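# Structure at a glance
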There are 2 protein chains.
Amino acid sequence: MNFQERKKKILTAVEESGSLSVFELSDKLGMSPATIRRDLHDIAEEGLLLRTHGGAMKIENPVLTSFVAKAGSNEENKEKIAQLAAEYVADGDIIFLDCGSTVFKMCRHLKKRNGIKVITNSLPIMAELIDVPSISLNLIGGEIDKQRKAVHGHKAIEHIGGYHAHKAFIGIDGISAQNGLTAHSEHESSITSAFIKNASQVFVLCDSSKIGKDSHIKFGSLSQVNSLFTDQDLDSSRKKQLVEKGLDVVIAK
Amino acid sequence: MNFQERKKKILTAVEESGSLSVFELSDKLGMSPATIRRDLHDIAEEGLLLRTHGGAMKIENPVLTSFVAKAGSNEENKEKIAQLAAEYVADGDIIFLDCGSTVFKMCRHLKKRNGIKVITNSLPIMAELIDVPSISLNLIGGEIDKQRKAVHGHKAIEHIGGYHAHKAFIGIDGISAQNGLTAHSEHESSITSAFIKNASQVFVLCDSSKIGKDSHIKFGSLSQVNSLFTDQDLDSSRKKQLVEKGLDVVIAK
DNA sequence: TTAAAATTGATTATTTTTGATCAAAAGTAA
DNA sequence: TTACTTTTGATCAAAAATAATCAATTTTAA
């Protein structure tokens, strides 16, 4: 295994667990502690991780800590959905990410991709990805929604209209065979519409609890969606209804 | 467990419970009291917690102090300049804030104002003000400059052009009677120019070390500036030169 | 192919960290 | 105040981790 490979593995390992000792890394990669130390020294010099006595820690951005994402319900399923969705991102892609909590969980997996560009209105996503060298970030401007830690408003819509992405990954309040895509606020629905309109492919991330439920603002049809990613708890009759409408439903396992 | 990890644990523990004794921490982390004392000493020196007899307490204003932690040379002067500048902001103002470090320090003082709107390209400023109910925030969109934790690029310029502010508060790389305003990157200078162009009043925050110094990109004249805020270390001959050019130079004390 | 360069793991001297001890300082109660 | 207890910071020896060195191996270039 060469240095580049080890570097990548070390970075993802440290990213996942927060901190690791030289010996843990040595075991994990099957390399001698001496080599791991040399690697850590070099990687730390690049500023990609924090060298500690005995190991290394991931660098956290003290300035942007106010954007840490809140933990909600259904975390395990959401995590699986996010991982599945991230597999649909290829190196070099330009992608839209909205401010949904499941979409946020894609970040961790995106760090492995190379040369992708992320265009987002989510402040937690920005905070999470700002220190990843392989990802370039474009932040959508406009009014700040303090509760949702996101940007919205007409300026944001205008901003999105100025870009075209290969893929859009969006969360959604409700989706059903009868009413298509629904939201419970104008702000959200207009942002989501803009993402859909300006992306070649549209992927919806949605845990099974929201499928078949409708919110009160209808804003899009199923035909605009390329794939729906959801979890194995999805009712089979609901799935059938969606598939019959021509939607590609992918279950995360 | 190494110092960095302990530091993290100590800080979150103290944050949660408000205050903890050396022995409580010693138990919690499984380290000797001697080590905990050393840690508390070091962490307190960084200004991240308050050392008490027998333990430690949390500090009430954590975000700001973490910035103070990486304090540079002229910090005291910058703090005074920021405080002075903040006095020029009135309730109800719409203001531009750029991503200068001195401008950032205005945040603390702005929290006392009512009903102001802040339009900024600085991520730290946004992070600092996002939880202040009396301030509404507009984030400038565009490419993220990861090092400077700011937004820039042509989209950002366009965004600024869509707004008009009562006042603009800007930091600057160099200012002199001979060459006016100078910067050392195109990105910065174009953003600053946009702020100047779209604000009724322009205030420059600049510690005395940068006055009389020129960077290589000239981008504005002194006549565009309403007031220059600086510190008492300003050379009197330099001050005279600027005043003769018609600039209002205000010294922070 | 061979020679040169780079990488790796082991060895070792050096540095860093840690916990114990103890005198001095700080806090507490009478 | 004084006597007593707690906490502290300094010092030191043991333990842990590191950087430097070197030989063996692998890779690269000729």
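Residues numbered from 1 in each chain as written. Chains lettered and ligands numbered in written order. Predicted model: local features only at pLDDT ≥ 70, side-chain atom pairs only at ≥ 80, totals over all residues. Heavy atoms only, no water.

As named in an unreviewed UniProt entry, chain A is Transcriptional regulator, DeoR family, taken from Dyadobacter psychrophilus.

## Focus on the protein's contact with DNA strand C
In the vicinity of DNA strand C there are 14 residues, among which R6(A), T35(A), R6(B), T35(B) and R38(B) approach most closely. A distance of 2.9 Å separates a phosphate oxygen of DNA strand C from a polar atom in the side chain of S32(A). Of all the secondary structure elements, the ones that give two or more residues to the surface near DNA strand C are α3 (33-45) of chain A together with α3 (33-45) of chain B. (Near = heavy atom within 4 Å. Polar contact = N/O pair within 3.5 Å; in protein donor to acceptor, adjacent residues only side chain to side chain. Helix = DSSP H or I, 4+ residues; strand = E, 2+ residues; numbered from the N terminus.)

## Focus on the sheet that holds strand β13 (residues 217-220) of chain A
All names here are of chain A. With antiparallel pairing, the 3 strands of this open sheet are ordered in space as β10-β11-β13. One side of each edge strand has no neighbouring strand; the edge strands of this open sheet are β10 (174-176) and β13. Neighbour-to-neighbour, the strand axes of the sheet open up by a mean angle of 35°, direction not taken into account. Judged from the 3 bridges that link them, β10 and strand β11 (residues 180-183) form a sheet pairing that is antiparallel. Across the sheet, the residue bridging to G174 is T182, located in β11. Helix-sheet contacts for helix α9 (residues 186-197) involve β11 and β13, and the interaxial angle to β13 is about 10°. (Pairing = 2+ DSSP bridges. Axes fitted to C-alpha atoms, helices over the stretch in contact; angles between N-to-C directions. Contact = heavy atoms within 4.5 Å.)

## Overview of the domain arrangement of chain A
How large an interface is tends to be reported as the accessible area lost when its parts come together. All names here are of chain A. Along its sequence, chain A is carved into domain 1 (3-59) and domain 2 (66-252). Between the C-alpha centres of domain 1 and domain 2 the distance comes to 32 Å. Contacts between the two partners involve 5 residues from domain 1 and, on the opposite side, 6 residues from domain 2. Surface buried jointly by domain 1 and domain 2 totals about 460 Å² across both partners, of which 59% is contributed by carbon and sulfur atoms. Seen at the junction of domain 1 and domain 2, the total is 1 salt bridge. For the salt bridge of K111 with E15, the shortest nitrogen-to-oxygen distance reads 2.7 Å. For the pair domain 1 and domain 2, the number of links is 1 residue pair in polar contact (both at pLDDT 80 or more). Residues that form the side of domain 1 that touches domain 2 fall into these classes: 1 nonpolar, 1 polar and 3 charged. (Domains from an automatic or database assignment. Buried area = accessible area lost by both parts, 1.4 Å probe. Salt bridge = Lys/Arg side-chain N within 4 Å of Asp/Glu carboxyl O. Nonpolar A, V, L, I, M, F, W, Y, C, P; charged D, E, K, R; others polar.)

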